[in-house]
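One letter stands for each residue in the lines below.
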Amino acid sequence: MSFFSLRFISPSDAPSSYTRTSPSVRAMSSGPVVVVDGAAVDGMHPASPSDWLKTLPQLGAYTTGRTRGGATKMAQWSSHVARLRSSLAALTGTTFGSDGEVAALIEPTVRKTLAECAARNVAGPTDDGTSTQPSVQSTNNTQIHLRAPTNRPRHTRPVNADDPDRGEVMLVVAVCTSTPGAWTTHAHATPLPAMDREPTTVLVAAPASIRGPNPNAKDVAWPTARAAYDELKHRMNPEGIGEVILTPDGGDTLLEGLTTNLFVVRTRLDMPYHGVADCVSSLEVVTPPRGDVLPGVAREAVIAACAAEGLPVKEEPVLASEEDLWAEVFLTNAVRLTRPVREVRWANAEGGGSGPDARESRLVPDAWGSISNRLYRRILASLDDDLGP
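Residues numbered from 1 in each chain as written. Predicted model: local features only at pLDDT ≥ 70, side-chain atom pairs only at ≥ 80, totals over all residues. Heavy atoms only, no water.

Asks: In this structure, what is going on with the environment of V364? I would like to understand it.
Replies: Considering the arrangement of structural elements, one finds V364 in the loop between β17 (362-363) and α8 (370-382). Apart from residues lying up to four places away in sequence, V364 is in contact with A327, E328, V329, V341, R342 and E343. (Helix = DSSP H or I, 4+ residues; strand = E, 2+ residues; numbered from the N terminus. Contact = heavy atoms within 4.5 Å.)

And the structure:
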């Protein structure tokens with residue numbers, strides 16, 4: 001390795017805010033499961049993974065995923081390990097000899113976390129399909145003016161015994177360092193939230209510059225950097241906003257969400273008509289180039305699923321000027337997998353809905369995502385193909 005040498009930190013070297021958890025306390029706990037270097041820890045831990053990540057040493061990488069088999073294994077395991085390895089290389093200059101080295105580093109913490117989830121019966125979603133969304137607190141007073149949001153009701157999805165999400169957890173794994181040559185491994189587990197398939201609305205509002213110098217790495221410091229836009233999304237959630245999209249040029253180019261990758265199903269440029277096409281062969285799937293975004297685990301799974309479905313994929317800029325060609329828009333991440341988008345809105349920094357910089361919101365023709373739902377089912381069926389540790 002370069003830059004840092006690999007050294008495990010002993011339990012006594014763990015962050016001072018952590019205290020080892022006794023079995024009797026663990027049995028009574030109802031908060032998130034938190035494990036550091038293979039040992040469960042006690043304390044008032046943030047329920048929100050983003051808020052929890054802000055408490056860790058801010059040099060390191062993380063990955064977020066979901067479990068399978070009743071919270072006994074992490075899905076898409078090798079992809080998460082590979083992403084941690086590449087992110088640590090970009091963020092710290094450390095070159096691991098193989099993915100196996102990274103897997104060996106995090107396995108004790110992941111195994112302990114899954115065992116704690118079983119012991120404490122931490123799993124979700126709940127039977128009524130509801131989940132508690134933790135509040136998001138801003139670190140500054142950034143304000144963004146929006147054009148005429150539309151009130152929309154929120155819905156939850158009842159959970160039944162056959163639901164593939166039942167009994168599973170959302171798992172965040174981080175590898176951090178605060179001292180050159182010393183690593184700590186961290187994990188945070190909460191019940192997998194209830195996730196309906198109803199389309200959401202996205203807001204193009206965040207400048208790509210907030211990502212910092214390593215946009216292709218899953219940086220532990222990312223939740224802190226995006227805090228103002230997390231607060232914006234939380235504030236606008238009752239109005240139907242489910243994600244904020246980053247843009248490098250004021251909205252002309254759409255890159256990715258705060259926690260998602262972006263895909264557009266587009267009528268092929270060589271076809272003579274626009275709108276929702278009447279056959280798959282007239283469609284192509286477009287997503288921003290790998291070098292311009294964080295290449296998420298679900299992003300790679302969608303590209304593979306498209307190949308299996310016979311859908312051509314182009315990695316090229318998603319441009320607002322081509323919105324008339326959009327048949328479908330959807331988001332991806334390793335927890336939700338895919339989610340269709342009903343509407344794309346653009347924030348107006350001037351605070352109004354008119355003027356030279358105003359841009360109308362765009363309603364997506366196939367808001368219920370016939371293509372993205374097919375891809376979702378294919379990806380869901382493949383989750384058991386790559387489990388660990």
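We are not done yet, so read on.
Asks: Honestly, helix α6 (residues 227-236) in this entry has me stumped. Any pointers?
Replies: Since one α-helical turn is 3.6 residues long, residues separated by three or four positions face the same way. Within α6, seven of the ten residues are buried, which leaves it mostly tucked inside the rest of the structure. Within the sequence span of α6, burial applies to A227, A228, Y229, D230, L232, K233 and M236. Here the buried face of α6 lies against α2 (49-53), β8 (200-207), α5 (222-225) and β9 (241-247). (Buried < 20%, exposed > 50% of the residue type's maximum accessible area, 1.4 Å probe, protein only.)

Asks: How should the packing of helix α7 (residues 297-309) against α8 be read in this particular structure?
Replies: How two helices sit against one another is set out by the angle between their axes and by the gap between those axes. The interhelical angle for the contact between α7 and α8, taken along N-to-C directions, is 105°, at an axis separation of 9 Å. Classified by the interaxial angle, the pair formed by α7 and α8 is roughly perpendicular. Taken together, the residues of α8 that come into contact with α7 (itself represented by A301, V302, A305, C306, A308 and E309) are R374, L375, R378 and I379. Among the residues making up the contact of α7 with α8, the classes are represented as seven nonpolar, no polar and three charged. (Axes fitted to C-alpha atoms, helices over the stretch in contact; angles between N-to-C directions. Parallel < 35°, antiparallel > 145°, perpendicular 65-115°, else oblique. Nonpolar A, V, L, I, M, F, W, Y, C, P; charged D, E, K, R; others polar.)

Asks: Please explain the packing of helix α3 (residues 77-92) against helix α4 (residues 99-120) as it appears in this structure.
Replies: Closest axis-to-axis distance for the α3/α4 pair is 9 Å, and the angle between their directions is 110°. With respect to each other, α3 and α4 are oriented roughly perpendicular. Crossing handedness for the pair α3 and α4: right-handed. Here W77, V81, A82, L84 and R85 of α3 come into contact with α4, specifically with D99, V102, A103, I106, E107 and V110. Residue composition of the contact of α3 with α4, grouped by class: eight nonpolar, no polar and three charged. (Left-handed = near helix turned anticlockwise from the far one by under 90°.)

Asks: Just to check I follow, could you spell out the pattern of salt bridges for this structure?
Replies: Working definition: two side chains of opposite charge can pair if their charged atoms are close together. Inspection of the entire model under this criterion finds 22 salt bridges. Across the salt bridge formed by K112 and E116, the nearest N and O atoms sit 3.3 Å from each other. Residue K112 and its partner E116 are located together in helix α4, separated by four residues, close to a single helical turn. Accessibility expressed as a relative area gives 26% for K112, which makes it partly exposed. For E315, the salt bridge is made with R299, and the minimal N-O distance between the two is 2.7 Å. One end of the pair, E315, is in strand β13 (residues 313-315); the other, R299, is in helix α7, with 16 residues separating them in the sequence. Take E315: its relative accessible area is 40%, and that puts it in the partly exposed class. Each of R266, E284, K314, E316 and E322 takes part in a single network of salt bridges with overlapping partners. (Salt bridge = Lys/Arg side-chain N within 4 Å of Asp/Glu carboxyl O.)

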